[in-house]
Number of protein chains: 2
Amino acid sequence: MSDTKIPYKIYLSEDEIPKKWYNLRADMKKKPAPLLDTKTMQPITLEALSEVFCRELAEQELNETDAYIDIPDELIDFYKMYRPAPLIRAYCLEKQLGTPAKIYYKFEGNNTSGSHKLNSSIAQAYYAKKQGLEGVTTETGAGQWGTALSMACSYFGLDCKVFMVKVSYEQKPHRREVMRTYGASVTPSPSETTEVGRQILAEHPGTGGSLGCAISEAVEVAMNSDGRYRYVLGSVLNQVLLHQSIIGLEAKTALDKYGVKPDIIIGCAGGGSNLGGLIAPFMGEKLRGEADYRFIAVEPASCPSLTRGVYAYDYCDTGRICPMAKMYTLGSGFIPSASHAGGLRYHGMNSVLSELYDQGLMEAVSVEQTSVFAAAREFARIEGILPAPESSHAIRVAIDEAIRCRETGEEKTILFGLTGTGYFDMVSYEKFNNGVMTDYIPTDDEIEAAVSKLK
Amino acid sequence: MSDTKIPYKIYLSEDEIPKKWYNLRADMKKKPAPLLDTKTMQPITLEALSEVFCRELAEQELNETDAYIDIPDELIDFYKMYRPAPLIRAYCLEKQLGTPAKIYYKFEGNNTSGSHKLNSSIAQAYYAKKQGLEGVTTETGAGQWGTALSMACSYFGLDCKVFMVKVSYEQKPHRREVMRTYGASVTPSPSETTEVGRQILAEHPGTGGSLGCAISEAVEVAMNSDGRYRYVLGSVLNQVLLHQSIIGLEAKTALDKYGVKPDIIIGCAGGGSNLGGLIAPFMGEKLRGEADYRFIAVEPASCPSLTRGVYAYDYCDTGRICPMAKMYTLGSGFIPSASHAGGLRYHGMNSVLSELYDQGLMEAVSVEQTSVFAAAREFARIEGILPAPESSHAIRVAIDEAIRCRETGEEKTILFGLTGTGYFDMVSYEKFNNGVMTDYIPTDDEIEAAVSKLK
C-alpha cells in the first residue's frame with residue numbers, strides 16, 4: 001500500500017456529524033422550474049403543499065434561498081446511532097485493478113435498513129411526529145424505503161402502513177418480515193382494504209400488483225384519515241435530496257481532513273436521492289466557481305430517464321398527489337422492464353438534478369445489469385462488502401474509470417456512493433451466478449411511445 | 001442523555017487494531033486438561049496435530065505459555081477492511097428501560113459475513129495459504145461460518161468447499177448464494193460426491209441431512225486430497241478463541257479510553273468462540289488479580305452444555321478427527337431440538353471456558369428462545385440493529401440485568417457481545433412475529449441419557 005497516511009476507513013467523530021443540511025438550490029443561478037399544483041397548473045403555494053406534506057417538509061420542498069437548514073437535535077441523536085458513515089479507501093480494489101487511480105466510496109449500508117434511505121425517513125418521521133400525526137402511509141417495491149420508514153416510525157412511535165407490491169410481498173418475505181419486526185403493518189397490494197384495491201381486484205383477479213397500484217392504495221388511506229396520516233415518498237423530492245446532503249457533507253469533511261480532492265464523483269441514479277445527496281457540497285463549490293469536478297450519474301439501461309428521456313413537466317408519483325415537476329422523464333406511464341435494481345426503476349429524475357444535467361454540469365451514462373452484477377461480484381470478493389444492485393451501477397462505472405486510468409496512467413481520484421447492501425437481493429445474485437440473467441434495453445420506438453405524451 | 005462525554009459509538013483508529021492476539025491460557029494457574037490424541041488417548045503431540053491443522057494453527061492450539069501472539073501484517077490489512085468494530089453505548093435502550101445501568105455492546109456484525117466468525121476464518125485461510133494448501137473444506141448449518149470462510153478464501157485465492165446441511169441448503173437459499181457469490185462451492189449434504197454421503201443416501205433416501213453428516217463429508221474430502229485441503233472449524237478450538245480475542249482487546253481499549261470499567265460482561269455461548277474472545281483480556285486481569293468482573297455465559301435452554309452438561313472428555317467434532325477435549329458437554333451424540341439459533345446448537349464448550357467455569361470464575365445461565373426473540377425485537381426497535389438470534393441470547397440477559405439495576409437502583413456497567421446480524425434469520429422472526437414460536441427444554445431423562453456414556 002503506497003499511500004500509508006490514509007486509513008482504509010475514514011471515520012469522523014460524532015461531533016463532526018453535520019448540524020445543517022445543505023440546500024444546493026440556493027447556489028444555483030438558474031433555479032429548477034417551479035413545482036406545479038396539479039389542480040391549477042400554477043406554481044404551487046406553501047399552503048397547498050402543506051396539505052400533501054407536513055408543514056416543515058413543505059417549507060423545505062419550496063426553499064430555494066437558504067443554503068443551510070438546521071438539523072433538529074432529536075434527529076442528530078438518531079443519526080448518532082449509525083452515523084457518521086465511513087468513507088472507505090478501496091485499496092484492495094485498486095490493487096486488484098492495477099490502476100494508479102485512487103478510489104474512495106462512501107458506504108451508507110451500515111444500518112439495519114441497509115441503505116441511505118434512513119437519512120430521509122427519520123427526518124420525515126420526525127416532522128410527522130412533531131406535527132402530531134398518528135402515522136404515515138407509503139408503498140414499497142424492492143423494500144428498502146419501506147424498511148427505512150418502519151425503522152424511523154418505530155423510533156418515534158408513529159404508526160407505519162406499508163403497501164407492498166403483491167409479487168414482491170410474496171417473493172421477498174424476508175424484507176416484509178423486517179418491516180413487521182419494526183412494527184409496521186405490511187399489506188400486499190392490491191388489497192381489499194381500499195376502494196382502489198377492491199376495484200383492481202375485481203377487474204384483475206389474481207394480479208401481482210404494481211407500484212402504481214400500491215401508491216394509490218397508500219394515498220387513499222392517507223387521504224381518508226381525516227389528516228391523521230400523510231403519504232410519504234423516499235426519493236425524487238427536493239426535501240429528500242436535502243436530507244441526503246448529509247452523505248456528501250460527511251464525505252467532503254472526511255476527504256478535506258486528508259487534503260484529498262476527487263476528480264470524478266459517481267452515483268447511481270433512480271429518483272436521484274443518493275446521487276443528489278452525495279454530490280451536493282461538491283456541486284455547490286462548482287456552482288460558486290470554487291472548484292471543478294466531473295459528476296457522473298449512472299442509470300440502468302432499462303430505465304434511462306436522463307440519457308434517453310425528455311425534459312418536461314411530469315407527475316412525480318403515479319398517484320398524482322404530489323405536485324408536477326419539470327424533470328428528465330420517460331413519462332409517468334413508462335413501465336420499466338423487471339430489472340434487479342428495483343430502486344432505480346423510476347420514470348423520472350429529481351428536478352434539481354435534471355436542471356444541473358440540462359445545464360451541462362453533470363454527465364450521465366447508462367449500464368446494463370449483467371455488467372453491473374459482474375462489477376458487484378468482483379467488488380464483493382475483493383472489498384468484502386456485498387453491494388446492493390442499485391449501488392453496483394456506481395461501482396461499474398467507478399471500475400471502468402479506474403481501468404481507463406490504468407490505460408492512460410492518470411492518477412485520478414474517484415469517489416462513488418455505495419448506498420446499500422445486497423443481503424435481500426440474493427435471488428438476483430443467484431440468477432447472475434447461474435448465468436441466466438439477461439439485459440433489456442428499450443427500443444427507440446418504445447421510448448418514443450412513452451415520452452410522446454409529454455412533448 | 002446524562003453522560004454526554006461518551007459517544008454513541010466508540011471507534012478506535014486503525015492504528016489501535018491489536019497487533020497481537022491474547023492467549024488467555026498463559027495466565028491460567030490451573031490449565032485446561034490437555035487435548036487427547038484419539039488414536040493413542042494420550043496428550044496429542046504437535047506432530048500429530050499438524051496432520052489435522054496447518055502447522056502454525058496447531059502450534060497456536062497447543063500454546064499455553066505465550067500470553068501474546070503476533071498477528072501477521074497481511075491479516076491486519078484484512079482486518080482494516082472491517083475493523084476496529086464499534087463499541088456502542090446503548091443510550092436509547094437504557095432510556096427505554098428506565099435503568100440507571102450503563103449498557104455497552106461490542107458489535108461484530110458490520111461485515112458482509114454478518115458475524116464475528118470472519119475474525120478467525122481469515123486467520124485460518126491465511127495460514128492455509130501460507131502453507132501452500134489449495135483449499136479448505138468445512139460444513140455449515142446456519143451458514144455464518146460458511147459465509148465467513150468463503151469471504152476469507154476469496155480474499156486469499158483459496159478454494160473453499162462447503163457442505164451445507166441439505167435442509168438448510170433448501171430453506172436458506174440466500175445464505176447459500178452469498179457463499180457462491182464469494183466463489184465457494186456449496187454442496188447439499190448428504191451428497192453423491194463422497195463415500196459417506198452415498199452410504200447415507202442409500203440408507204436414508206430423501207433425508208434432509210445433519211451437521212454430523214456434513215462434517216463427515218467435509219472431512220472425507222480433505223482426507224482424500226493428498227494434503228491439498230484441510231478441514232477447518234469455526235468454533236470450540238483454542239486457536240479460534242485466540243483469534244477472537246481481538247473482540248475483547250478492542251472493547252477493552254475503547255472502554256479504557258473513557259475510563260469505563262464494566263461490572264458485568266455477558267456473551268452468548270455455543271462452542272464459545274465469541275464469549276471467549278470477548279472476555280479474554282478482562283478474564284486475564286481477573287486471573288492476575290488486577291481487577292474483578294462478573295462474567296455470564298448465556299446458552300439456549302434447548303442446548304444447555306454448561307448448566308446441565310458434565311465436565312468430561314468428549315469429541316469436539318462428530319467427524320472425530322479433531323483431538324478429544326475435556327469440556328462441559330451433553331455428549332457428542334446429543335441432538336439439540338431444532339431451535340432458531342443454529343450457531344448455539346453445539347453439544348460442548350471450549351475447554352478453556354469449561355475450565356474457567358469449573359473453577360467458578362464465570363457464571364452461566366440458560367434462556368428460552370421466545371424470551372430471546374422478545375429481547376431481540378425490543379432491541380431492534382430502539383437501537384436500530386436487527387440482531388442475530390444467537391447474539392440475542394446475550395441481549396436478553398443484559399436487559400434482565402439492567403432491569404434488576406432499575407429495581408435496586410445500582411448504576412452497574414454492563415458490556416455484552418453483539419456478534420451478528422439477523423438478516424438471514426427472518427423466517428425465525430416471522431415465526432415469532434406470528435406468535436407461533438415454541439420453546440423446548442430437554443427433560444432430565446433426556447439429559448441423563450445423553451451424558452450417561454461420558455461418565
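Within every chain, residues take consecutive numbers counted from 1 along the sequence as written. As a convention, the first chain written is A and the first ligand written is 1, with the rest following in written order. Reporting in this predicted model follows two pLDDT cut-offs: at least 70 for local features of residues, and 80 or more for side-chain atom pairs to be given and counted; totals over whole chains, interfaces and linings ignore these cut-offs and use all residues. The basis for every side-chain value is the complete set of heavy atoms in the structure, and neither hydrogens nor water enter the calculation.

Focus: the sheet that holds strand S10 (residues 264–268) of chain A
Residues and elements named next belong to chain A. For two strands to pair, DSSP has to find at least two bridges joining them. Each helix corresponds to a stretch of at least 4 residues labelled H or I by DSSP, and each strand to a stretch of at least 2 residues labelled E; elements are numbered beginning at the N terminus. Here we have seven strands laid out as an open sheet, ordered S1-S4-S5-S15-S10-S11-S14, and mixed in their pairing. The sheet terminates laterally at strand S1 (9–10) and strand S14 (363–367), the two strands that pair on one side only. When S10 meets strand S11 (residues 294–300), the two strands line up parallel, connected through five bridges. By the bridge assignment, cysteine 268 is partnered in S11 with valine 298.

Comments concerning the sheet that holds strand S9 (residues 229–231) of chain B
Residues and elements named next belong to chain B. What the four strands build is an open sheet, ordered S8-S7-S6-S9; its pairing is parallel. On the outer flanks of this sheet lie strand S8 (185–189) and S9, each paired with one strand and no other. Neighbouring strand axes in the sheet, compared pairwise and without regard to direction, differ in orientation by 25 degrees on average. A fitted line through C-alpha atoms serves as each axis, taken over the contacting stretch for helices, and the angle formed by two N-to-C directions is quoted from 0 to 180°.

Remarks on the interface of chain B and chain A
Whether two residues are in contact is decided by their heavy atoms, any of which lying within 4.5 Å being enough. Listed by partner, the interface residues are 43 residues for chain B and 42 residues for chain A. A buried area of about 4000 Å², summed over both sides, lies between chain B and chain A, and 54% of it is on carbon and sulfur atoms. When the area that chain B buries against chain A is broken down by residue, the three leading residues are Thr181, Arg381 and Tyr423 of chain B, summing to 17%. The partner of arginine 176 of chain B in a salt bridge is glutamate 430 of chain A, with the nearest N and O atoms 2.8 Å apart. Under this definition, polar contacts are N or O atom pairs within 3.5 Å; protein pairs additionally need one hydrogen-donor-capable and one acceptor-capable atom, and for neighbouring residues in sequence, both atoms have to be side-chain atoms. Between the two partners, chain B and chain A, sit 29 residue pairs in polar contact (both at pLDDT 80 or more). Put simply, the parts of the chain that give the side of chain B that touches chain A at least two residues each are helix H6 (144–156), helix H8 (173–181), helix H15 (369–383) and helix H17 (426–433) of chain B. Reported buried area values correspond to the accessible surface (1.4 Å probe) lost by two parts on association, with both partners' losses combined. Salt bridges, as used here, are contacts in which a Lys or Arg side-chain nitrogen is within 4 Å of a carboxyl oxygen on Asp or Glu.

Here we look at the pattern of salt bridges
Residue and element names in this part refer to chain A. Applying the stated criterion across every chain, the model contains 58 salt bridges over all chains. In this structure, arginine 180 engages glutamate 177 in a salt bridge whose closest nitrogen and oxygen atoms are separated by 3.0 Å. Separated by three residues within a single helix, arginine 180 and glutamate 177 lie in helix H8 (residues 173–181), roughly one turn from each other. Exposure classes here rest on a 1.4 Å probe applied to the protein chains alone. A residue is buried below 20% of its type maximum, exposed above 50%, and partly exposed in between. Classification of glutamate 177 as buried rests on a relative accessible area of 0%.

Let's talk about the relation of the copies chain B and chain A
In the superposition of chain B on chain A (RMSD 0.0 Å, axial shift 0.0 Å), the rotation amounts to 180 degrees. What we have between these two chains is a two-fold relation. Residue by residue, 98% of the interface of chain B is reproduced at the interface of chain A, so both copies engage with the same surface. Least-squares superposition aligns the copies on the C-alpha atoms of those residues with pLDDT at or above 70 in both.

Here's the deal with empty space enclosed by the protein
Two kinds of site are reported from a 1 Å grid over the protein atoms alone, namely cavities, where a 1.4 Å probe fits but cannot get out, and pockets, open sets with protein on both sides within 12 Å along at least five of seven lines, and residues are called lining when an atom falls within 4 Å of a point. Grid points are joined across faces, edges and corners, and a volume is the space filled by probe spheres set on the points. Counting across every chain of the model gives six cavities of 30 Å³ or more. Considering only enclosed or pocket space, the largest cavity measures out at about 510 Å³ in volume. Forming the boundary of the largest cavity are 42 residues, of which Phe107, Asn110 and Asn111 of chain A together with Phe107 and Asn110 of chain B lie nearest the centre. A breakdown of the residues in the lining of the largest cavity according to their chemical character gives 25 nonpolar, 13 polar and four charged. Ten residue types, Ala, Val, Leu, Ile, Met, Phe, Trp, Tyr, Cys and Pro, are classed as nonpolar, four, Asp, Glu, Lys and Arg, as charged, and the remainder, Gly among them, as polar.

Section: the confidence of the model for chain A
Predicted confidence across chain A gives a mean pLDDT of 94, with 99% of residues reaching 70 or more. For this predicted complex, the interface score ipTM comes out at 0.91, alongside a pTM of 0.94. Per-residue confidence from the predictor is given as pLDDT, running between 0 and 100.

Here's the deal with the pairing of S11 of chain A
Residue and element names in this part refer to chain A. Counting buried residues in S11 gives six out of seven residues, a clear majority hidden from the surface. As judged from the five bridges shared by S11 and S14, these two strands associate in the parallel manner. Across the sheet, the residue bridging to glutamate 299 is serine 366, located in S14.

Focus: unusual backbone geometry
Serine 189 of chain A connects to proline 190 of chain A through a cis peptide bond whose omega is 5 degrees. Put simply, arginine 83 of chain B and proline 84 of chain B share a cis peptide bond, and its omega is -5 degrees. Even without being a glycine, aspartate 226 of chain A presents a positive backbone phi close to 55 degrees. The exposed category is assigned to aspartate 226 of chain A, whose relative accessible area is 76%.

Side note on the side chain of arginine 230 of chain B
Note on placement: arginine 230 of chain B falls in strand S9. If we ignore the near neighbours within four places in the chain, the residues touching arginine 230 of chain B are Ser50, Glu51, Val52, Phe53, Cys54, Gln131, Leu133, Gly135, Val136, Thr137 and Ala222 of chain B.

Structural notes on the nonpolar core
We call a set of buried Ala, Val, Leu, Ile, Met, Phe, Trp, Tyr and Cys residues a nonpolar core when their side-chain atoms join them within 4.5 Å. Counting 298 residues, the largest nonpolar core has Trp21, Ile266 and Phe416 of chain A together with Trp21, Ile266, Met362 and Phe416 of chain B as the members making the most contacts within it. Apart from the residues lying within four places of it in its own chain, the contact partners of isoleucine 266 of chain A are Leu278, Ile296, Val298, Ala394, Val397, Ala398, Glu401, Ile414, Leu415, Phe416 and Gly417 of chain A.

Observations concerning the environment of phenylalanine 53 of chain A
Residues and elements named next belong to chain A. Here phenylalanine 53 lies in the loop between helix H1 (46–52) and helix H2 (55–62). Judged by relative accessible area, which is 5%, phenylalanine 53 ranks as buried. Along the backbone, phenylalanine 53 and glycine 409 are 356 residues apart, and their C-alpha atoms lie at a distance of 50 Å. Excluding its chain neighbours within four sequence positions, the residues that come into contact with phenylalanine 53 are Ala58, Glu61, Arg230, Leu237, Gln239 and Cys322.

So, H17 of chain B
Buried residues of H17 of chain B: Met426, Ser428, Tyr429, Phe432 and Asn433 of chain B, and no others. Projected down its long axis, H17 of chain B shows its buried positions confined to an angular sector of 150 degrees, all on one face. The elements touched by buried residues of H17 of chain B are H8 of chain A together with H15 and helix H16 (389–408) of chain B. Glycine 435 of chain B sits one or two positions beyond H17 of chain B and adopts a positive phi of about 70 degrees. Arc definition: it is the arc formed by the directions from the helix axis to the C-beta atoms.

Section: the domain arrangement of chain A
Residues and elements named next belong to chain A. Here the domain parsing of chain A yields domain 1 (3–17 + 82–114 + 245–454) and domain 2 (21–70 + 116–231). Start and end positions for the domains come from either an automated domain assignment or a database one. Computed from C-alpha coordinates alone, the two centres of domain 1 and domain 2 are separated by 23 Å. Taken together, the 43 residues of domain 1 in the interface contact 39 residues of domain 2. With both sides pooled, the region where domain 1 packs onto domain 2 buries about 3500 Å², and carbon together with sulfur makes up 65% of that total. In terms of surface lost to domain 2, no three residues of domain 1 exceed Ser113, Ile321 and Phe424, which account for 20% of the buried area on that side. Applying the counting rule to domain 1 against domain 2 returns three salt bridges.

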